[in-house]
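Descriptive structure summary
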Amino acid sequence: MKVVVSIPTYSGDIPCRLARCLIDEFVLSKQVGVDLQFSFLPNCSHVAMGRNQLACDFLESDADKLFFLDSDLTFEPGAILKVVSFDESLVGGAYRYKRDDEIYPVGWLDKPELWSNEQGLLEVMTLPGGFLSISREVFLHFKHQFPDREYEHFGRIAFGFFQMRIDHGQLWGEDSLFCTEWRAMNEKVFLYPELNITHWDGNKSYEGHIGNWLKLRMT
């Protein structure tokens, strides 16, 4: 399996702590036979446009999956490899908001109980886009579903996989809208909850494990 880890960055810099995670993940990928490649997009001032550009780069490659990774995250070794190992087309992890109270940017299904499937995955409405595995078929379905979303970007034909929209007084982020549109195609979004992911704000860290957080809320 070939996986492209795509990292949009505003400044063009990669923190040393993230570089360490990438090195560890690359070493592990060789041990398990996964071809892990990296794609960086510096000076990315518009997240949706950056994700679209990275998605188009991915489609021009021969990789099987694209893994979006935000540059302000760190994670335990093997976390990316675990998420991309699932057969489901859209799977991700969740990290905390950058705030003292522990809250996660996940949209939950309107169900009285939350149960994982046999693989330990939870079906959800939406996931954040910073730790997200997307199979090639997802982008191909989007192109078929929304043929009018092609646009020109600096002389190159791009596609609006990711957009922001105001709907009924609510601003939808590019990642939430992407998940919502995918589900509207009768597809599913899955969360893998057993990950330790840290969200960084400068040198301040917000450590989180959404699986443990959910278990505490259910007791």
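Residues numbered from 1 in each chain as written. Predicted model: local features only at pLDDT ≥ 70, side-chain atom pairs only at ≥ 80, totals over all residues. Heavy atoms only, no water.

Quick notes on the sheet that holds strand β4 (residues 73-75)
Strands pair in a sheet through their backbones, by hydrogen bonds, and they do so in one of two ways: parallel or antiparallel. Across the sheet, three strands lie side by side as β4-β13-β14; this open sheet has antiparallel pairing. Edge positions in the open sheet fall to β4 and β14 (204-208), since each of these has one partner strand only. Put simply, the sheet's adjacent strands are angled 25 degrees from each other on average, direction ignored. Here β4 pairs with strand β13 (residues 197-201) via three bridges, running antiparallel. Counted as the bridge partner of Leu-73 is His-199 from β13. Strand contacts of helix α1 (residues 16-32): β4 and β13, with the helix running at about 40 degrees to β4, the strand carrying the most contacts. (Pairing = 2+ DSSP bridges. Helix = DSSP H or I, 4+ residues; strand = E, 2+ residues; numbered from the N terminus. Axes fitted to C-alpha atoms, helices over the stretch in contact; angles between N-to-C directions. Contact = heavy atoms within 4.5 Å.)

Quick notes on the nonpolar core
One recurring pattern in soluble globular proteins: nonpolar side chains tend to sit buried together. Within the largest apolar cluster, 38 residues are counted, with the highest numbers of intra-cluster contacts made by Ile-134, Phe-139, Phe-142, Phe-161 and Phe-178. For this core, the element with the highest residue contribution is helix α2 (residues 47-59), accounting for six residues. Non-local contacts of Phe-139, meaning those with residues more than four positions away in its chain, are made with Ala-55, Phe-58, Leu-59, Leu-66, Ile-134, Phe-161, Phe-162 and Phe-178. The next biggest cluster of nonpolar side chains, apart from the first, holds 26 residues, and it includes Leu-18, Leu-22, Leu-81 and Ile-197. (Core = buried A, V, L, I, M, F, W, Y, C linked by side-chain atoms within 4.5 Å. Buried < 20%, exposed > 50% of the residue type's maximum accessible area, 1.4 Å probe, protein only.)

Let's talk about the pattern of salt bridges
In total, this model carries 13 salt bridges according to the counting rule given. One salt bridge connects Glu-174 with Arg-51, and the closest N-O pair in it is separated by 3.0 Å. One end of the pair, Glu-174, is in helix α5 (residues 174-184); the other, Arg-51, is in helix α2, and 123 residues separate them in sequence. Taking the shortest distance from any N to any O, the salt bridge between Arg-99 and Asp-101 comes out at 2.8 Å. The class of Arg-99 is partly exposed, set by a relative accessible area of 39%. For Asp-101, a relative accessible area of 36% gives the class partly exposed. Members of the salt-bridge network, linked through shared partners, are Arg-51, Asp-70 and Glu-174. (Salt bridge = Lys/Arg side-chain N within 4 Å of Asp/Glu carboxyl O.)

Function cannot be read off these values alone, since they describe shape.
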